[in-house]
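Observations on the model geometry
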Amino acid sequence: MATCSAPGKIYLFGEHAVVYGEPAIACAIELRTRVSAKKSDTIAITSSIGTTGLDFEVHPYVSSAIEKLGSENVSINISSELPVGSGLGSSAAVTIATLAAINIEFGLGNDLSDLAGMGHEIEKEVQGAASPTDTFVSAFGGAVEIPSRKRLDLPDCGVVIGNTNKGASPKKTAKLVKQVARLKEEYPDMINPIIKTIGSFSRKGEVLISKKDYSSLGRLMNVNHGLLDALGVGTLELSALVYAARDAGAYGAKITGAGGGGCMVALTDSPFEVASAIEKSGGEAIITKFTSRGVMSE
Ligand code: MEV
């Protein structure tokens with residue numbers, strides 16, 4: 001039997017602007033999805049939802065991964081620390097961990113780049129559209145500038161996620177991306193500078209990360225949050241968690257991912273205070289850390 005785990009991710013800067021070619025910074029977080037693969041005489045996929053065979057409705061990412069690697073008879077077991085459909089890259093993590101575990105169990109010899117590429121193809125097939133960010137960060141780990149894929153230093157401060165538990169999903173992401181596109185078409189003179197400014201946070205962020213200047217990094221995350229709000233992807237619940245985290249002393253806090261629900265992220269060296277403030281404001285808090293570990297065999 002082979003067991004592999006792969007991490008989820010957050011955006012420090014740049015979601016939505018990255019759709020228009022601006023840089024973004026994504027970081028892997030130490031919340032992982034574990035997948036074991038064992039040669040078997042039939043295909044069986046077991047997760048918290050239940051056990052199925054190759055089933056593209058119930059287990060679309062895992063079924064596609066099995067198919068992509070030649071539909072071997074395999075028994076798959078999945079467990080995850082990542083909340084599903086929350087914008088933290090849970091579908092990329094399960095896809096990459098499944099590909100990696102099958103790759104080892106059947107000695108298929110694919111390297112990490114092959115797995116990241118296949119993972120991206122699977123996300124596109126299942127979702128209709130997907131950026132390569134989630135599968136790339138889940139495969140390689142660390143802090144990465146997108147689209148250049150430049151590896152950055154890993155921030156060594158604490159990170160707390162606040163989940164609104166309000167629907168983030170690939171469908172919602174597509175809707176919000178279209179909504180921003182419409183706003184941009186209607187008011188290009190006003191919206192294009194906002195998109196450019198968001199891109200500039202990523203350029204500055206790279207320097208601030210290398211200096212470990214987390215208080216400046218946090219201040220820019222706060223401004224990035226304001227501009228995501230200006231683009232219309234914020235919600236009352238997300239902002240409540242963002243403000244609660246800042247009031248509790250976080251360096252900075254912002255939406256992570258497409259918005260419209262899902263999660264926010266706070267940088268902090270007082271994770272317990274920040275987590276407690278997020279919980280008091282109605283969110284589910286998860287204390288985690290950034291990780292350089294991408295997909296790995298366990
Ligand atoms: C969603 O996680 C991030 C967006 O920038 C969309 C994308 O990059 O595919 C909103």
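Residues numbered from 1 in each chain as written. Predicted model: local features only at pLDDT ≥ 70, side-chain atom pairs only at ≥ 80, totals over all residues. Heavy atoms only, no water.

1. Remarks on the state of the cysteines
- For the structure shown, the criterion picks out zero disulfides.
- Of all cysteine sulfurs, the one in cysteine 27 lies closest to cysteine 263, which takes part in no disulfide; the gap is 15 Å.
- For cysteine 263, a relative accessible area of 1% puts it in the buried group. (Disulfide = S-S within 2.5 Å. Buried < 20%, exposed > 50% of the residue type's maximum accessible area, 1.4 Å probe, protein only.)

2. Description of the pattern of salt bridges
- For the coordinates displayed, the defined rule picks out 13 salt bridges.
- For the salt bridge of lysine 254 with glutamate 15, the shortest nitrogen-to-oxygen distance reads 2.9 Å. Of this pair, lysine 254 sits in strand 9 (residues 252–256) while glutamate 15 sits in the loop between strand 1 (2–13) and strand 2 (24–39), and the two are 239 residues apart along the sequence. There is no split in this pair, since lysine 254 and glutamate 15 are both buried.
- One salt bridge in this structure joins glutamate 206 and lysine 150, with 2.3 Å as the shortest N-O distance. (Salt bridge = Lys/Arg side-chain N within 4 Å of Asp/Glu carboxyl O. Helix = DSSP H or I, 4+ residues; strand = E, 2+ residues; numbered from the N terminus.)

3. Regarding the packing of helix 1 (residues 60–68) against helix 3 (residues 112–127)
- Where helix 1 meets helix 3, the axes come as close as 10 Å, and the angle between the chain directions of the two elements is 130°. In terms of axis orientation, helix 1 runs oblique to helix 3. Once helix 1 is placed against helix 3, the crossing between them reads as right-handed. For the pair helix 1 and helix 3, contact is made by Pro60, Tyr61, Ser64, Ala65 and Lys68 and by Met118, Glu121, Ile122, Glu123, Glu125, Val126 and Gln127, respectively.
- Taken together, the residues that form the contact of helix 1 with helix 3 break down as six nonpolar, two polar and four charged. (Axes fitted to C-alpha atoms, helices over the stretch in contact; angles between N-to-C directions. Parallel < 35°, antiparallel > 145°, perpendicular 65-115°, else oblique. Left-handed = near helix turned anticlockwise from the far one by under 90°. Contact = heavy atoms within 4.5 Å. Nonpolar A, V, L, I, M, F, W, Y, C, P; charged D, E, K, R; others polar.)

4. Quick notes on the nonpolar core
- Counting residues in each nonpolar core, the largest one holds 81 residues, and the members touching the most others are Ile10, Leu12, Ile76 and Met264.
- In terms of residues, this core owes the most to one element, helix 2 (residues 90–105), which gives eight residues.
- Summarising the domain contributions, this core has at least three residues from each of domain 1 (2–152) and domain 2 (158–288).
- In terms of nonpolar packing, the next biggest core, distinct from the first, is built from nine residues, Val18, Ala24, Ala26 and Ala28 among them. (Core = buried A, V, L, I, M, F, W, Y, C linked by side-chain atoms within 4.5 Å. Domains from an automatic or database assignment.)

5. Here's the deal with the domain arrangement of the chain
- Partitioning the chain into domains gives domain 1 (2–152) and domain 2 (158–288).
- The straight-line distance from the C-alpha centre of domain 1 to that of domain 2 is 23 Å.
- Taken together, the contact pairs 27 residues of domain 1 with 38 residues of domain 2.
- Between domain 1 and domain 2 lies a buried interface of about 2,600 Å² when both sides are counted; carbon and sulfur atoms form 67% of it. (Buried area = accessible area lost by both parts, 1.4 Å probe.)

6. Side note on the site of the ligand
- If you check the shell around the ligand, you find Tyr11, Glu15, His16, Val18, Val19, Ser131, Thr173, Val177, Gly257 and Ala258 and nothing else.
- In the complex, the protein chains occlude 85% of the 300 Å² of accessible area that the ligand would expose alone.
- Looking at the shell around the ligand, its residues break down into five nonpolar, four polar and one charged.
- Both domains that meet at the shell around the ligand, namely domain 1 (2–152) and domain 2 (158–288), each give it at least three residues. (Near = heavy atom within 4 Å. Areas by Shrake-Rupley, 256 points an atom, 1.4 Å probe, with all protein chains shown as cover.)

7. Overview of helix 6 (residues 188–210)
- Its 23 residues place the ends of helix 6 34 Å apart at the C-alpha level, agreeing with the 33 Å of an ideal helix rising 1.5 Å per residue.
- At lysine 204, helix 6 is deflected by roughly 25°, the largest bend along its length.
- Regarding helix 6, the residues found buried are Ile191, Ile194, Ile195, Ile198, Gly199, Phe201, Ser202, Gly205, Leu208 and Ile209.
- The inward-facing, buried residues of helix 6 contact strand 1, strand 2, strand 7 (150–152), helix 5 (170–186) and helix 7 (214–230).
- In the segment just after helix 6, lysine 212 is the residue with positive phi, at about 55°. (Expected span 1.5 Å × (residues − 1). Bend = angle between axes of the 7 residues up to and from the residue.)

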